[in-house]
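Topology and contacts: notes
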Amino acid sequence: MSRKYVEKSFLYLFDLVSEKFPDINIILALNDDAGKARIGVSSRRQFAFTDDDEPIKISVATKIFYQSKARVDGILMHEFGHAILMFQEKDHTEKDADKIAEKIFNCYIYYDEDLVQNTNHGIRPRPKNI
Ligand SMILES: [Zn+2]
């Protein structure tokens, strides 16, 4: 895909979130640290993270620009799940982020062969070991 698609998907999903949470404010940022490995996690499946700042910030690594639409959408949906739960000031798990995102966007989040979120194939709910 492209940077343009990532921005388009973000804005589309943000509009849907805003319909349910008119006061929410979320920005998209580029940060290649979002693509790096964290403890116990392979860098292969890291494309984004969300910070509970004011405004809430979804950071994506450059490598997301080269992923399929289904991955871009799935990764961003998952991060919006975190953002919504942060907005609600709720302690939550990775699985909770998927659960609320699936509800808000009316679309399933799957985990593919690389355990990356996407909207069209793989397993759900999120495997316990990631
Ligand atoms: Zn997450």
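Residues numbered from 1 in each chain as written. Predicted model: local features only at pLDDT ≥ 70, side-chain atom pairs only at ≥ 80, totals over all residues.

Details of the nonpolar core
Rules: Among buried residues, those of type Ala, Val, Leu, Ile, Met, Phe, Trp, Tyr and Cys that are joined through C-beta atoms within 7 Å form a set called a nonpolar core. Residue burial here comes from a neighbour count, namely the number of other C-beta atoms, placed from the backbone, that lie within 10 Å of the residue's own C-beta, with 20 or more meaning buried, 12 or fewer meaning exposed, and in between meaning partly exposed. Strands are runs of DSSP state E lasting at least two residues, helices are runs of H or I lasting at least four, and both sets are numbered from the N terminus onward. The contact rule is simple: place each C-beta atom from the backbone, and if two of them lie within 7 Å, those residues are in contact.
Of all hydrophobic cores here, the largest spans 25 residues; its most connected members are A48, V60, I64, I75, L76 and F80. Of all the secondary-structure elements, those providing two or more residues to this core are α1 (3–20), β3 (56–60), α2 (69–87) and α3 (94–105). In terms of residues, this core owes the most to one element, α2, which gives nine residues. If near-sequence neighbours (up to four positions away) are discounted, L76 is found in contact with S9, F10 and L13.

Observations regarding the packing of α1 against α2
We apply this condition: Lines fitted to the C-alpha atoms define the axes, with helices restricted to the stretch that makes contact. Angles between their N-to-C directions range from 0 to 180 degrees. Every angle not falling under 35 degrees, over 145, or within 65 to 115 is termed oblique; those three ranges are roughly parallel, roughly antiparallel and roughly perpendicular. If you view the pair so one helix is near and one far, a crossing is left-handed when the near helix is turned anticlockwise from the far one by less than a right angle, and right-handed when it is turned clockwise.
Where α1 contacts α2, the axes come no closer than 10 Å and their chain directions differ by 40 degrees. Relative to α2, α1 is oriented oblique. As α1 runs across α2, the sense of the crossing is right-handed. For the pair α1 and α2, the contacting residues are Y5, V6, S9, F10, L13 and V17 in the first and K69, V72, D73, L76, M77, F80 and I84 in the second.

Remarks on the pairing of β3
Stated formally: DSSP calls a pair of strands paired once it identifies at least 2 bridges connecting them.
Relative to β3, strand β1 (residues 26–30) is paired through five bridges, and the arrangement is parallel. Counted as the bridge partner of I26 is I56 from β3. The pairing of strand β2 (residues 48–51) with β3 spans four bridges and is classified as antiparallel. Bridged to D51 within β3 is K57.

A look at the sheet that holds β1
Spatially, three strands are ordered β1-β3-β2 in an open sheet, and the strand pairing comes out mixed. At either margin of the open sheet sits one strand with a lone partner, and together these are β1 and β2. Averaged over all adjacent pairs, the angle separating strand axes in this sheet is 20 degrees, with direction ignored.

Considerations on the environment of N25
Inspection of the secondary structure assignment puts N25 in the loop between α1 and β1. In sequence terms N25 and I56 are 31 residues apart; their C-alpha atoms lie 6.4 Å from each other.

So, α1
What counts is decided by this rule: Here the expected span of a helix is defined as 1.5 Å times the quantity of residues minus one.
With 18 residues, α1 extends 26 Å between its outermost C-alpha atoms, agreeing within 8% with the 26 Å of an ideal straight helix rising 1.5 Å per residue. Summarising the contacts, the buried residues of α1 are in contact with β1, β3, α2 and α3.

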